[in-house]
Amino acid sequence: KQELDRDSRMNARIVPDPEFLATDALFQTDVLVQHYVNWQRPGLSEKAKTKLLKFVNDGGGLAVMHFANGAFSDWPNYRSMLLRRAWMANQGSTHDANGPFRVTPTKLTHPITAGLAAFDTTDELYCRQIPSGEAPDVEPLITATCKITGKDEPLAYAFARGKGRVFQSMLGHSDVSMHAAGEFH
């Protein structure tokens, strides 16, 4: 929120109850930034699920950040329709220990990463994310080399869903990784 509030064109607010998605107020939002996982509570109501899919399909933006990559494990359509990669611990998803690493933009041209230089951050570097969705291949916008796999892991990507757009980022375990990217953009 702090990074978004730096831009006077934005009006960001934190909504702690995910059942906000079941309300019509959702459709007064341009972009929903989801940094949420529901390990301690049940999943979304059917109304919230339906409205979230409608929101994105009708042109809303959805940014799925870090923990949200593993949210709503009881809702298969979340992974198949709104994600391209998902955290599935029972299928081998894991991450490097929280620590420093270098994030490198790829050659893919995209407004989200336009002008972004490589940067150092501290975070959990997710790896072995399970491909999901109708088109599970991703064209990463940024990558970092994982200590566990030894590979450049995709850390962010964007794709269209209906008339809407989805941005998915593996960064965000703490605010450090978000501020690091903002300093260079």
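Structure's up top.
Remember, predicted model here, so these are calculated numbers, not experimental data.

Draft legend 1. Representation of the packing of aromatic side chains. Counting across every chain of the model gives 6 aromatic pairs. Aromatic pair Phe27 and Phe55: ring centres 6.2 Å apart, planes at 65°, arrangement edge-to-face. Placement of the pair is Phe27 in the loop between helix H1 (2-5) and strand S1 (31-34) and Phe55 in helix H2 (residues 46-57), with a sequence separation of 28 residues. Given a relative accessible area of 3%, Phe55 falls into the buried group. Centre to centre, the rings of Phe72 and Trp75 are 6.2 Å apart; their planes meet at 65°, and the pair counts as edge-to-face.

Draft legend 2. Seen up close, the pairing of strand S5 (residues 99-105). Of the pairings in the sheet, the one linking S5 to strand S6 (residues 119-123) comprises 5 bridges and is antiparallel in character. Directly across from Phe101, in S6, lies its bridge partner Thr121. Alignment of S5 against strand S9 (residues 142-145), held across 2 bridges, turns out to be antiparallel. Within S9, the position partnered with Pro105 by the bridge is Ile142.

Draft legend 3. How the structure looks around unusual backbone geometry. In this structure, His66 is a non-glycine residue whose phi angle is positive, near 35°. With respect to the helices and strands, His66 occurs in the loop between strand S2 (61-65) and helix H3 (76-82). Phi at Arg128 is positive, roughly 55°, even though this residue is not glycine. Here Arg128 shows up in the loop between strand S7 (126-127) and strand S8 (130-131). By relative accessible area, Arg128 is classed as partly exposed at 44%.

Draft legend 4. The side chain of Ser132, seen in detail. Structurally, Ser132 can be placed in the loop between S8 and S9. A distance of 3.1 Å separates a polar atom in the side chain of Ser132 from the backbone oxygen of Arg79. Beyond its immediate sequence surroundings of up to four residues, Ser132 is in contact with Arg79, Leu83, Arg84, Arg85 and Ala86.

Draft legend 5. Structural detail: the pattern of salt bridges. Going through the model one piece at a time under the given rule, you end up with 6 salt bridges. With its nearest N and O atoms 3.0 Å apart, the salt bridge here joins Arg102 to Asp120. Residue Arg102 is found in strand S5, and its partner Asp120 is found in strand S6; the two are separated by 18 residues along the sequence. Its relative accessible area of 47% is what places Asp120 among the partly exposed residues.

The rules we used
Residues numbered from 1 in each chain as written. Predicted model: local features only at pLDDT ≥ 70, side-chain atom pairs only at ≥ 80, totals over all residues. Heavy atoms only, no water. Phe/Tyr/Trp six-rings, centres within 6.5 Å; stacked < 30°, edge-to-face > 60°. Helix = DSSP H or I, 4+ residues; strand = E, 2+ residues; numbered from the N terminus. Buried < 20%, exposed > 50% of the residue type's maximum accessible area, 1.4 Å probe, protein only. Pairing = 2+ DSSP bridges. Polar contact = N/O pair within 3.5 Å; in protein donor to acceptor, adjacent residues only side chain to side chain. Contact = heavy atoms within 4.5 Å. Salt bridge = Lys/Arg side-chain N within 4 Å of Asp/Glu carboxyl O.

Remember that the coordinates give geometry; whether it matters functionally is a separate question.
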